[in-house]
Amino acid sequence: MNLLSRHRRYLGALVAGLFGLLLLSNVIPDPLGGWKVRTPMEADWGLLKRVQVMLRNAPAFVNDNFGFRASLPVLRRTLREALASPDSYPIYAGRDGQLFWGLERTPEQSSGAVVRSVEVARFVTMIGVMQRQLQPLGTKVVVALPPNAQSVELEALPAWNDLLRYPTTEYDAALAGLRAEGVSAVDLRQVLRDSPRPRYLLTDTHWNERSSLLAFNAVMVAAGHADWQVNPAGVVGLPVPMGRRGDLLRAMRMPPEVKEENFKLRLKDRAGDARPDPALTHHNTHPAFRSVARDYAATGARVLILGDSFSAGLWPRLFVNGDVSVVGWMHASHTVTGTCDFNFDDVVRFKPDLLIYARTERFFVCPPHAWPVGLPEPDPNAIPAGAAP
């Protein structure tokens, strides 16, 4: 009985210590915390906007900097590396230290280990219907999906990825389906693989600015405007250190392990400042992805880009050689990680001569519940035209 009592005392002390540690972790600052708010204040924001952002920043700030929420993932990563048991959740390193995103089934998607055939077919159908709806306006539709880094930086992938070799990927299936629909589509994977490394930022999910320019040029060729390309030799400068950490490092709150650089473009900007456009009423929930337009000239083609963070900052400014009057940009989803739920009514109101659909690879497939507002959705039970009775 005494042994049992002593055992209970030790066990009680251990449990009390664990609970105490958990309580203290909520007031002890995390040594790997970033100590920065997620959404910085803008000088031109009104009081209501500032209060809304402050209320959103406050709980996120606590989550980022207390409770060891930044240190524990780093500890987990270190222990798994020490045990020679790496994994891909949520971020993993390649052969040369390049970081890759492991969520949203990105590794499986790029390797072909997962092919969501129904969702890919729904995406192809959406683009096909959109092209037919825009045909009376004379709109040229071009699809160019910015690839996952895993689909391009093959040399940098970890050794275990060599075992993942499947004949068809979702990207392959989408290109085949789009071409069967008569839609112009660009395989940006091959465009970037044919370019020298680095193509993507080493600590970020995004491509570097040279790759962005090369992808833009490939889209212009597919759109029938090869003369609108921007000569890389004339604008791509030397790599320069980035002033901020890549989004993968920010997500893990761990110190940089590689030197991060990006190419500096020496671009003669013809575009006007970004402005709201009355036709583009659809806005992403993230304040950085508001729908905007940039004016170029009094006359010329109207261009609309349905994209995301891969195209938002640079592509609308690259039409320096284009005969364009205005270039609009709208996020291809209502949310940052959403898909196929933009407002097609905005597209029609904008009346584009050229529509570029550029949703990133990991978010391009259309789940059953997602469909653009205002775009007629085909009846899956309808009998095809010309079918035998």
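Model, not experiment: these values are computed from the prediction.

A. Looking closely at the overall build of the protein chain. Tallying secondary structure elements over the protein chain gives 11 helices and 10 strands in all. Sorting the 389 residues of the protein chain into buried and exposed places 46% on the buried side. Across the protein chain, contacts joining residues at least 24 apart in sequence account for 73% of those joining residues at least 6 apart. As presented, the protein chain carries roughly 19700 Å² of accessible surface, and 60% of it is formed by carbon and sulfur atoms.

B. Just the side chain of T106, in detail. Among the structural elements, T106 can be located in helix 4 (residues 106-111). For T106, a relative accessible area of 2% puts it in the buried group. In this structure, T106 is in contact with W101, N148, Q150 and R362, ignoring residues within four places of it in sequence.

C. Spatial organisation of the sheet that holds strand 9 (residues 324-331). Spatially, the six strands line up as an open sheet ordered 4-3-10-8-9-7, and their pairing is mixed. The sheet terminates laterally at strand 4 (184-186) and strand 7 (292-295), the two strands that pair on one side only. Recorded for the sheet is a direction-independent mean angle of 20 degrees between the axes of neighbouring strands. Sheet topology note: the strand 8 (residues 301-307)/strand 9 ladder contains seven bridges and is parallel. What sits directly across from G307, in strand 9, is H331. The strands that helix 5 (residues 117-134) touches are strand 3 (140-144) and strand 10 (354-357); relative to strand 10, the one it contacts most, it runs at about 170 degrees.

D. Focus on empty space enclosed by the protein. Throughout the structure, instances matching the rule amount to one cavity of 30 Å³ or more. Considering the residues around the largest cavity, the lining is formed by 13 residues, among which W101, A149, Q150, T205 and R362 are closest to the centre. The dominant element in the lining of the largest cavity, judged by the number of residues it contributes, is strand 2 (residues 99-101), at three residues. Among the residues making up the lining of the largest cavity, the classes are represented as six nonpolar, five polar and two charged.

E. View of the environment of L314. Looking at the element boundaries, L314 is found in the loop between strand 8 and strand 9. Among residues more than four places away in sequence, those in contact with L314 are E209, S212, L265 and L267.

F. View of the pattern of salt bridges. For the structure on display, the rule yields 16 salt bridges. A salt bridge links R132 to E181; its shortest N-O distance comes to 3.0 Å. Placement of the pair is R132 in helix 5 and E181 in the loop between helix 6 (170-180) and strand 4, with a sequence separation of 49 residues. You can call R132 partly exposed: its relative accessible area is 45%. The closest approach of N and O atoms between R197 and E153, which form a salt bridge, is 2.9 Å. A residue pair is termed long-range when its members are at least 10 positions apart, and R197 in the loop between helix 7 (188-193) and helix 8 (209-222) and E153 in the loop between strand 3 and helix 6 qualify at 44 residues. With a relative accessible area of 31%, R197 lands in the partly exposed category. E153 sits in the buried class, given a relative accessible area of 0%. Among the charged side chains, a salt-bridge network with shared partners connects D96, E153, E155, R197 and R199.

G. View of a nonpolar patch on the surface. Where nonpolar side chains cluster on the molecular surface, the patch consists of L11, L14, V15, L18, F19 and L22 and spans about 590 Å² of accessible area. As for its position among the elements, V15 is in helix 1 (residues 2-25).

H. Structural context of the packing of aromatic side chains. Scanning the model with the defined rule gives 12 aromatic pairs in all. Taking the centre distance of 4.9 Å and the plane angle of 75 degrees together, the rings of F123 and F364 count as edge-to-face. Taken together, the residues F123 in helix 5 and F364 in the segment after strand 10 connect sequence positions 241 residues apart. You can call F123 buried: its relative accessible area is 0%.

I. Examining the packing of helix 5 against helix 6 more closely. At a closest axis distance of 9 Å, the pairing of helix 5 and helix 6 adopts a crossing angle of 35 degrees. The element helix 5 and its partner helix 6 pack so that their crossing is right-handed. Here V120, F123, V124 and I127 of helix 5 come into contact with helix 6, specifically with E170, A173, A174, G177 and L178. In terms of residue class, the contact of helix 5 with helix 6 is built from seven nonpolar, one polar and one charged.

J. Here's a closer look at helix 5. Between its terminal C-alpha atoms helix 5 stretches 26 Å, which fits the 26 Å expected from 18 residues at 1.5 Å a residue. Considered for burial, the residues of helix 5 that qualify are V120, R122, F123, V124, M126, I127, G128, V129, M130, Q131 and L134. Residues of helix 5 that are buried make contact with strand 3, helix 6, helix 11 (344-350) and strand 10.

Basis of the calculations
- Just so you know, the residues in each chain are numbered from 1, in the order the chain's sequence is written.
- Predicted model: local features are reported for residues with pLDDT of at least 70 only, side-chain atom pairs are reported and counted for 80 or more only, and whole-chain, interface and lining totals are derived from all residues.
- Processing note: side-chain calculations cover all non-hydrogen atoms of the structure and skip hydrogens and water entirely.
- Strands here are runs of E lasting at least two residues and helices are runs of H or I lasting at least four, both read from the DSSP assignment and numbered beginning at the N terminus.
- Summary of the burial criterion: residues with accessible area below 20% of their type's maximum are buried, those above 50% are exposed, and those between are partly exposed, where the area comes from a 1.4 Å probe applied to protein chains only.
- Two residues qualify as a contact provided that any one of their heavy atoms is within 4.5 Å of a heavy atom in the partner residue.
- Per-residue and other accessible areas were derived by the Shrake-Rupley procedure at a 1.4 Å probe size, with only the shown protein chains allowed to occlude residues.
- Paired strands, in this sense, are two strands between which DSSP finds at least two bridges.
- Only the contacting stretch of a helix is used when fitting its axis, a line to C-alpha atoms as for every element, and angles between N-to-C directions run 0 to 180 degrees.
- Lining residues are those with an atom within 4 Å of a point, where the points come from a 1 Å grid over the protein atoms alone and group into cavities, where a 1.4 Å probe fits but cannot get out, or pockets, open sets with protein on both sides within 12 Å along at least five of seven lines.
- Grid points are joined across faces, edges and corners, and a volume is the space filled by probe spheres set on the points.
- Charged residues are taken to be Asp, Glu, Lys and Arg, nonpolar residues to be Ala, Val, Leu, Ile, Met, Phe, Trp, Tyr, Cys and Pro, and polar residues to be all remaining types, Gly included.
- Definition used for salt bridges: Asp or Glu carboxyl oxygen within 4 Å of a side-chain nitrogen of Lys or Arg.
- Think of a patch as exposed residues, more than 30% relative accessible area, with no salt bridge, where like charges cluster within 9 Å and nonpolar side chains (Val, Leu, Ile, Met, Phe, Trp, Tyr) cluster within 5 Å.
- Geometry of aromatic contacts follows a simple scheme: Phe, Tyr and Trp rings, the Trp one being its six-membered ring, pair when their centres are within 6.5 Å, and the pair is stacked under 30 degrees between planes, edge-to-face over 60, tilted otherwise.
- In this scheme the crossing of two helices becomes right-handed for a clockwise turn of the near helix relative to the far one and left-handed for an anticlockwise turn of less than a right angle.
- By this rule, a helix spans an expected 1.5 Å times one less than how many residues it contains.

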